[in-house]
Amino acid sequence: MLQIGDKMPGFEVVDQTGKIVKTADLIGKKTVIYFYPKDNTPGCTAEACDLRDNYGRFLSLGYQVIGVSKDSVASHQKFIDKFSLPFPLLSDSSTEMLQAFGAWGEKKFCGKVNMGTLRKTFIFNEEGILEKIIEKVDTKAHAAQILG
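What you see is a predicted model; the values in this text were computed from it and never measured.

Notes on the packing of aromatic side chains
Then, number 1: Under the definition given, this model contains 11 aromatic pairs.
Then, number 2: Put simply, the rings of Y34, Y36, Y55, F79, F83 and F87 touch in pairs and so form one group of aromatic residues.
Then, number 3: Between the NZ or CZ atom of K30 and the centre of the ring of Y63, over which it lies, the distance is 4.7 Å.

What to know about the pattern of salt bridges
Then, number 1: Within the structure shown, the criterion is met by 4 salt bridges.
Then, number 2: Between R52 and D53 there is a salt bridge whose closest N-O contact spans 2.9 Å.
Then, number 3: Residue class for R52 comes out partly exposed when judged on its relative accessible area of 27%.
Then, number 4: Residue K120 is joined to E135 by a salt bridge in which the shortest nitrogen-to-oxygen separation is 3.7 Å. Here E135 lies in the loop between β9 (130–134) and α6 (142–147) and K120 lies in strand β8 (residues 120–124), a separation of 15 residues in the sequence.
Then, number 5: A residue is classified by how much of its surface remains accessible, and K120, at 7% relative accessible area, is buried.

Details of unusual backbone geometry
Most peptide bonds adopt trans geometry, and most residues besides glycine take a negative phi value.
Then, number 1: Even without being glycine, S84 reaches a positive phi, approximately 50°.
Then, number 2: Tracing the backbone shows S84 in the loop between α4 (73–83) and β5 (89–91).
Then, number 3: Residue classification places S84 among the exposed positions, given a relative accessible area of 54%.
Then, number 4: Unlike most non-glycine residues, T95 shows phi in positive territory, near 65°.
Then, number 5: Among the structural elements, T95 can be located in the loop between β5 and α5 (96–100).

So, the side chain of N125
Then, number 1: The topology assignment puts N125 in the loop between β8 and β9.
Then, number 2: Dropping the residues within four chain positions of it, N125 is found in contact with K29, K30 and E131.

What about the side chain of D50?
Then, number 1: Tracing the chain through its elements places D50 in helix α2 (residues 42–53).
Then, number 2: Buried within the structure, D50 lacks any salt-bridge partner; its nearest side chain of opposite charge belongs to R57, at an N-O separation of 7.5 Å.
Then, number 3: Each residue touching D50, except ones within four places of it in the same chain, is listed here: T139, K140, A141, H142 and A143.

Some thoughts on the pairing of strand β3 (residues 30–35)
Where a strand is regular, its side chains alternate between the two sheet faces.
Then, number 1: Within β3, 5 of the 6 residues are buried, leaving the element largely enclosed by the surrounding structure.
Then, number 2: Alignment of β3 against strand β4 (residues 63–69), held across 6 bridges, turns out to be parallel. Bridging across to β4, Y34 finds its partner in G67.
Then, number 3: In this structure, β3 lies alongside β8, joined through 5 bridges in antiparallel fashion. Residue pairing across strands places Y34 opposite T121, the latter belonging to β8.

Thresholds, definitions, all that
Residues numbered from 1 in each chain as written. Predicted model: local features only at pLDDT ≥ 70, side-chain atom pairs only at ≥ 80, totals over all residues. Heavy atoms only, no water. Phe/Tyr/Trp six-rings, centres within 6.5 Å; stacked < 30°, edge-to-face > 60°. Lys NZ or Arg CZ within 6 Å of the ring centre and 35° of its normal. Salt bridge = Lys/Arg side-chain N within 4 Å of Asp/Glu carboxyl O. Buried < 20%, exposed > 50% of the residue type's maximum accessible area, 1.4 Å probe, protein only. Helix = DSSP H or I, 4+ residues; strand = E, 2+ residues; numbered from the N terminus. Contact = heavy atoms within 4.5 Å. Lys, Arg positive; Asp, Glu negative; His and termini not counted. Pairing = 2+ DSSP bridges.

What follows is the structure, encoded as structure tokens:
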């Protein structure tokens, strides 16, 4: 389980274009990595659109924003195109990255318990050191939670 002060876990996944993205690619800029369950679902769409609508603020403060889910590269590209998302979405079909960040675990839905993506956000400084974790995400006002 990641804690404040930890280094960004090692990972290697692909973005919506199929390009490999790894931990080293993110070091050097402040980074927001948000994990979400599924493209094109109401909560995940609200969250992505709130981050999109505030993307200029993130850039002006030196942040890069990256979304991660188990969805496929094709699903991510459709999600980006449909909602004009200006940031990359990483596809972690193996759940390796999700597990490394502690964003994979038991979820209860309709009385059933399943393993799935936990909605969490991690904010790292330029050196890749974890500065903040948001575990109770407000999908409609997530940018405000991050930027405080």
